[in-house]
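# A look at the structure
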Amino acid sequence: MTIHVEKDRCVGAGMCALTAPSVFTQDDDGLSEVLPGREDGTDDPMVREAVRACPVSAIAVEDD
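Because the structure is predicted, anything quoted here is derived from the model rather than measured.

## Some details on the side chain of Thr19
Relative to the helices and strands, Thr19 resides in helix H1 (residues 15-19). Of note is the side chain of Thr19, whose polar atom sits 2.7 Å from the backbone oxygen of Met15. Leave out the neighbours within four places in its chain, and Thr19 touches Met46, Glu49, Ala50 and Ala53.

## A look at the side chain of Arg38
Structurally, the position occupied by Arg38 is in the loop between strand S3 (32-34) and helix H2 (47-53). Every residue in contact with Arg38, bar those within four places of it in the chain, is listed here: Ile3, Ser22, Val23, Asp43 and Asp44.

## Looking at the state of the cysteines
One pass over the full model with this rule turns up zero disulfides. Distance from the sulfur of Cys16, which forms no disulfide, to the nearest cysteine sulfur (Cys10) is 6.5 Å. Note on Cys54: no disulfide assigned, nearest cysteine sulfur contributed by Cys10 at a separation of 6.4 Å.

## Quick notes on the environment of Lys7
Inspection of the secondary structure assignment puts Lys7 in the loop between strand S1 (2-5) and H1. Distance in space between the C-alpha atoms of Lys7 and Ala17 is 14 Å, their sequence separation being ten residues. Leaving out residues up to four positions away in the same chain, Lys7 has contacts with Asp27, Leu31, Ser32 and Glu33. Here the side chain of Lys7 touches Ser32 through a polar contact of 3.3 Å, landing on its backbone oxygen.

## Looking at the pairing of S1
Taking every second residue as pointing to the same face, the buried face of S1 carries Ile3 and Val5, while none of Thr2 and His4 on the other face is buried. Two strands pair when backbone bridges link them, and S1 and strand S4 (residues 59-62) are joined in this way by four bridges, in the antiparallel orientation. From the neighbouring strand, Ile3 faces S4, where its bridge partner is Val61.

## Some remarks on the nonpolar core
Counting 15 residues, the largest nonpolar core has Ile3, Val23, Phe24, Val34 and Ile59 as its most contacted members. When contributions to this core are tallied by element, the ones reaching two or more residues are S1, H1 and H2. Apart from the residues within four sequence positions on either side, Ile3 is in contact with Val23, Phe24, Val34, Arg38, Glu39, Asp40, Gly41, Val47, Ile59, Ala60 and Val61.

Definitions and limits used
- Residues numbered from 1 in each chain as written.
- Predicted model: local features only at pLDDT ≥ 70, side-chain atom pairs only at ≥ 80, totals over all residues.
- Heavy atoms only, no water.
- Helix = DSSP H or I, 4+ residues; strand = E, 2+ residues; numbered from the N terminus.
- Polar contact = N/O pair within 3.5 Å; in protein donor to acceptor, adjacent residues only side chain to side chain.
- Contact = heavy atoms within 4.5 Å.
- Disulfide = S-S within 2.5 Å.
- Buried < 20%, exposed > 50% of the residue type's maximum accessible area, 1.4 Å probe, protein only.
- Pairing = 2+ DSSP bridges.
- Core = buried A, V, L, I, M, F, W, Y, C linked by side-chain atoms within 4.5 Å.

Written out as C-alpha cells, the structure reads:
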C-alpha cells in the first residue's frame, strides 16, 4: 500500500494525525503529511480509518 496526501485539498483538520499518529503528522502550515519512511503504512491498522476520517478526502491509499 502507498499513502498520498493531496496538499492542495488538505484543510488541516488533523483527523489523520489524531487517528494514525504513527503514520501522519502536520507540517508547519498545519497541513497533513505522511511521516518519513511511513509511506507504506502497512503495519498500522488505523490508516484506512484515517482516510475515512478526512473531511475533504485529501488522503488516498493505493494498494500495491
